[in-house]
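Fold and contact review
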Amino acid sequence: MIEERRGEFYLGKRYEGDAVVDEPIRYDAKDLTTHGVCVGMTGSGKTGLCLSLLEEAAIDGVPAICIDPKGDLGNLLLTFPSLEANAFEPWIDPADAERKGQTVEERAESVANLWKNGLQKWGQDGARIARFREAVDLSIYTPGSSAGLPLSVLKGLTAPQGELSDEALRERVLATVSGILALVGVDADPVQSREHVFLSTIVYRAWSAGQDLAIGELIRAILEPPFGQIGVLDVESFYPAKDRQGLAMKLNGLLASPSFAGWLEGEPLDIQRLLYRPDGKPRVSILSIAHLQDAERMFFVTLLLGELVAWMRTQAGTSGLRALLYMDEVMGFLPPVAEPPSKKPLLTLLKQARAFGVGCLLATQNPVDVDYKALSNCGTWFLGRLQTERDVDRVIDGLKGAAQVAGSNLDPKATRATLAGLKSRVFLMNNVHEGAPKLFHTRWALSYLRGPLTRQQIGVLMAEKRAALEAEAASAFNAAATAESEDGNARLNAGAGADAAAGSHAAPSDDTAQSAASMAPIAPEHIEQIFVPTSAPLSPALVAWVDLHYSKANAGLDHWYHPCFITRLTDGPPRELWATAKAIAADTGYVDEAAEGATFAELPPGALGKARLRSAQSGLKAKCYADQPLILGRCKELKLWSRVDEDRQEFGARYQAALAEHVEARVAKVHEKHRKIIDRIQAKVDKAEEKVRREQAQLDRHKLDTNLSVGTAVASAIFGRGSMAGHARRAASSAKRAQKTAKEREDVAKAQEALVERTAELRAAEAEGNAALAEARAEAPPPVEEVRVAPKKSDIQVTRLALAWVPEDWLA
């Protein structure tokens, strides 16, 4: 089975001489932060390669947002670890089975065997499929439709969260307004179009003030602008009311359309939520837009990209791959000449996302219709079979631009020759981070590539999740309704319902009358006395407002917390008063005088003495120190702490990004260590090879001299030239040369033996280095532990202490 290496994506095997060579092609994950583009005609294997790359990223825990204009990406959910026919059967196309002369059951059996054998051939199995499915949460969203998980993008124009620069906010406004105008059929230039400038002004003013905008509010703002002028012109001169009414009517018609309801339902368009579950598990969110019209696609993609840019700018910088954006077909969204609304945010991502660890992978089968200058920002090109010479020319232009940006070289002639002979599933990978292009055959996909999914099939895949979301929404609605009802009842009992309550309290039994008084006891001057405004019977309690300070330098923690506690007032030991205390809202509505008709329980004698209250405050401080810790998450090895204001999902995202950097640094350190060792041994190998060449050259010269000498001596003897003494000298000389040749042969053999030893040493060092790298990548992720941070003792202060008269059920 193929070896799993964190930070390296297994894409296939080297292809050479029309054959697959058993040498895995692995792609460094961090190289994708400089983005990638995959180009290939129909049948080239482009979809299989891109899905395989998404599978590899998922196994590594890298979340992804996938824009799916054709319906192919849902195949990522057709992954069956059992590899049994009954798992494939529901997804077999009956027409396809019939064309092959098989029943659906027979076709399912054939496909199951095909997938099992295909995976095995490429060093994979059902266990790897299971790892893929367990590593991420897979979901299909269908904006504007309830087929999959609905996604609400127009319920309100939500103001951006987090700190954004004015430039970033304006970019977000531009993308949002461009998308809205595209949806209503207005082709608007952001600078010259008065519609765009006017709407942008409305949205920018609202978002700058932190205000959300509903579509209805936007329409009203068009008719009655909340400002008097734009630039140096008054609104009426810039955009007359009659013309503004036309724009308002278009938006109102959209709002009134029955089909528009689909854009208002479902989860909010939240990038963090699309990338991570609330428990921190990474997600692959497939945004299927195959069912949308062109204008709707442009609107949605523009909004999505704008949200992604805004989210990206709130993240800390990283050199690792934090998240992935994949577009299955970029044609139309990044054209070479036109400026659709989607182009600007996409260009922003291609130029700036690297610093934030966001990688973009774009695919197209129409390179002529894509802005190759924009694609020159992509560091990796996966090139499959192309349809025309014009496509090849455009790809070569893009490669030249990418090489120029990276400061590397490209051989256009050699690249063109390679592209001309590509077969299906064979790709040329040109990565500016590597020395030379690589030709490889894509691996077998873990997912069953059955082709585009229908809306009904998406509905089947998402039925369970949709039901869970509906149940969650219903539960939240019921909880809110219950809370509202209880709140109403409380107000009724405390205020307007006092008369009804009086029926049960106006005529207390004799026992009750003996233990309750109609007048509030007089409290000592050294303690404040407050009341809950109700005529119900009241019991004495101590209420304390406390300041707690949490500080921990290595966690970057400096946090103040201001809780409020209530406890029953008793005459027991003062330090035990707070044993059963409860936390309550600090802003509970107390008043200085009791409500008319209220009755009061007896005040425990001596319970409010000065010394006793001082002791009670000391006891509360001790309780806060012991029982009010702040629970933080910490990964000691990554030097990472959770923040007070972030949830598990946000901390999980930061942990994954820090882990990726940690693994990358660890692997780089191991690689550098072994690279130095290998380089030293390689130098010895080079020296040994040079010696073999030198000794062989000497041997060849001596062999030639010896042959010439022997030949001369033989010729002289045969043809009788020279004396016998001369013949003897020549024979002796030839014998000496022969001896020297033999010595040279020995030297060559020794040099070759030394070369073999050095080569073996090099192979051993390479194997040791590969094993060390694999170990570094496979090392278990460092654990996250909970750390309890107690408040600083010296900073615990009881800022307010009061005798409070409250209903008995407050103390139960």
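These lines cover the structure that appears in this document, whether it is placed above or below. (Residues numbered from 1 in each chain as written. Predicted model: local features only at pLDDT ≥ 70, side-chain atom pairs only at ≥ 80, totals over all residues. Heavy atoms only, no water.)

1. Quick notes on empty space enclosed by the protein
- Tallied over the full model, the rule gives 2 cavities of 30 Å³ or more.
- In this structure, the largest cavity occupies an estimated 90 Å³ of space.
- Lining the largest cavity, in full, are Ala168, Glu171, Arg172, Leu174, Ala175, Gly306, Val309, Ala310, Arg313, Lys344, Pro345 and Thr348.
- Put simply, the parts of the chain that give the lining of the largest cavity at least two residues each are helix 6 (166-183), helix 12 (294-313) and helix 13 (343-352).
- In terms of residue class, the lining of the largest cavity is made up of 6 nonpolar, 2 polar and 4 charged.
- What the second largest cavity holds in volume is close to 50 Å³.
- Every residue lining the second largest cavity is listed: Val39, Thr364, Pro367, Tyr372, Leu375, Trp381, Arg394, Val395 and Gly398.
- Looking at the lining of the second largest cavity, the elements with two or more residues in it are helix 14 (372-375) and helix 15 (389-406).
- Ranked by the residues each element gives to the lining of the second largest cavity, the list is headed by helix 15, at 3 residues. (1 Å grid on protein atoms, 1.4 Å probe; cavity = no way out; pocket = protein on both sides within 12 Å on 5 of 7 lines; lining within 4 Å. Points joined across faces, edges and corners; volume = space filled by probe spheres on them. Helix = DSSP H or I, 4+ residues; strand = E, 2+ residues; numbered from the N terminus. Nonpolar A, V, L, I, M, F, W, Y, C, P; charged D, E, K, R; others polar.)

2. Some details on the nonpolar core
- Ranked by internal contacts, the top residues of the largest apolar core, which has 154 residues, are Leu334, Leu349 and Phe382.
- With 11 residues, helix 12 is the single largest residue contributor to this core.
- Phe382 has contacts with Leu11, Tyr27, Val37, Cys38, Val39, Leu49, Leu53, Leu361, Phe427, Leu428, Met429 and Phe440, leaving out every residue within four places of it along the chain.
- Counting 34 residues, the second-largest nonpolar core is a separate cluster that includes Leu548, Leu557, Val787 and Val789. (Core = buried A, V, L, I, M, F, W, Y, C linked by side-chain atoms within 4.5 Å. Buried < 20%, exposed > 50% of the residue type's maximum accessible area, 1.4 Å probe, protein only. Contact = heavy atoms within 4.5 Å.)

3. Let's talk about the sheet that holds strand 24 (residues 640-641)
- A sheet is described by the order of its strands in space; here 3 strands give the open sequence 24-23-25, paired in antiparallel fashion. Two strands close off the open sheet at either side, each with one partner strand: strand 24 and strand 25 (785-789).
- Judged from the 5 bridges that link them, strand 23 (residues 630-635) and strand 25 form a sheet pairing that is antiparallel. Note on strand 25: the bridge partner recorded for Arg634 is Glu785. (Pairing = 2+ DSSP bridges.)

4. Comments concerning helix 1 (residues 46-59)
- Here helix 1 contains 14 residues, and its C-alpha end-to-end distance of 20 Å stays within 8% of the 20 Å for a straight helix at 1.5 Å per residue.
- Along helix 1, 13 of the 14 residues are buried, which leaves the element largely enclosed by surrounding structure.
- Remark: Gly61 follows helix 1 within two positions and exhibits a positive phi of approximately 80°. (Expected span 1.5 Å × (residues − 1).)

5. Focus on the sheet that holds strand 5 (residues 137-141)
- Reading across the sheet, the 11 strands line up as 2-1-15-14-13-3-12-11-4-10-5 and stay open at both edges, with mixed pairing between neighbours. One side of each edge strand has no neighbouring strand; the edge strands of this open sheet are strand 2 (19-28) and strand 5. Geometrically, the sheet is characterised by an average inter-axis angle of 25° between neighbouring strands, direction not taken into account.
- Here strand 11 (residues 323-327) runs beside strand 12 (residues 358-364); their pairing, made up of 5 bridges, is parallel. Within the sheet, the bridge partner assigned to Met327 lies in strand 12 and is Leu362. (Axes fitted to C-alpha atoms, helices over the stretch in contact; angles between N-to-C directions.)

6. Observations regarding a positive patch on the surface
- A cluster of basic residues, Lys687, Lys691, Arg694 and Lys750, forms a positive patch on the protein surface.
- Among the elements that line the positive patch, the one with the most residues is helix 21 (residues 648-719), at 3 residues.
- Relative to the elements of secondary structure, Lys687 occurs in helix 21.
- Residue Lys687 is classed as exposed on the basis of its relative accessible area of 66%. (Patch = residues over 30% accessible without salt bridge, like charges linked within 9 Å, V, L, I, M, F, W, Y side chains within 5 Å. Areas by Shrake-Rupley, 256 points an atom, 1.4 Å probe, with all protein chains shown as cover. Salt bridge = Lys/Arg side-chain N within 4 Å of Asp/Glu carboxyl O. Lys, Arg positive; Asp, Glu negative; His and termini not counted. Charge placed at Lys NZ, Arg CZ, Asp CG, Glu CD.)

7. Points about the pattern of salt bridges
- Under the criterion given, the structure shown has 44 salt bridges.
- Between Arg654 and Glu646 there is a salt bridge, with the nearest N and O atoms lying 2.6 Å from each other.
- A single salt-bridge network, built from bridges that share partners, covers Glu4, Glu55, Glu56, Arg128, Arg131 and Arg443.

8. Description of the packing of helix 6 against helix 12
- Axis separation between helix 6 and helix 12 bottoms out at 7 Å; the angle between their running directions is 170°. Classed by the angle they form, the pair helix 6 and helix 12 counts as roughly antiparallel. Residues Ala168, Glu171, Arg172, Ala175, Thr176, Ser178, Gly179, Ile180, Ala182 and Leu183 of helix 6 lie in contact with helix 12, whose contacting residues are Ala295, Glu296, Met298, Phe299, Thr302, Leu303, Gly306, Glu307, Val309, Ala310 and Arg313.
- Here the residues of the contact of helix 6 with helix 12 are counted per class, giving 11 nonpolar, 5 polar and 5 charged. (Parallel < 35°, antiparallel > 145°, perpendicular 65-115°, else oblique.)

9. Details of helix 13
- Of all 10 residues in helix 13, 7 are buried, a share of seventy percent or more.
- When helix 13 is considered as a whole, its buried residues turn out to be Lys343, Pro345, Leu346, Leu347, Thr348, Leu349 and Leu350.
- Turning to helix 13, the residues buried within the fold contact helix 6, helix 12, strand 11, strand 12 and helix 14.

10. Quick word on the pairing of strand 23
- As judged from the 2 bridges shared by strand 23 and strand 24, these two strands associate in the antiparallel manner. Its bridge partner being in strand 24, Arg634 is matched across the sheet by Trp641.

11. So, the layout of surface pockets
- Of the volumes computed, that of the second largest pocket is approximately 1,000 Å³.
- Residue lining of the second largest pocket: 40 residues in total, with Glu8, Asp28, Val667, Leu773 and Arg777 positioned closest to the centre.
- Only strand 2, helix 21 and helix 22 (724-778) provide two or more residues apiece to the lining of the second largest pocket.
- Per element, the largest residue contribution to the lining of the second largest pocket is 12 residues, and it comes from helix 21.
- Counted by class, the lining of the second largest pocket contains 15 nonpolar, 8 polar and 17 charged residues.

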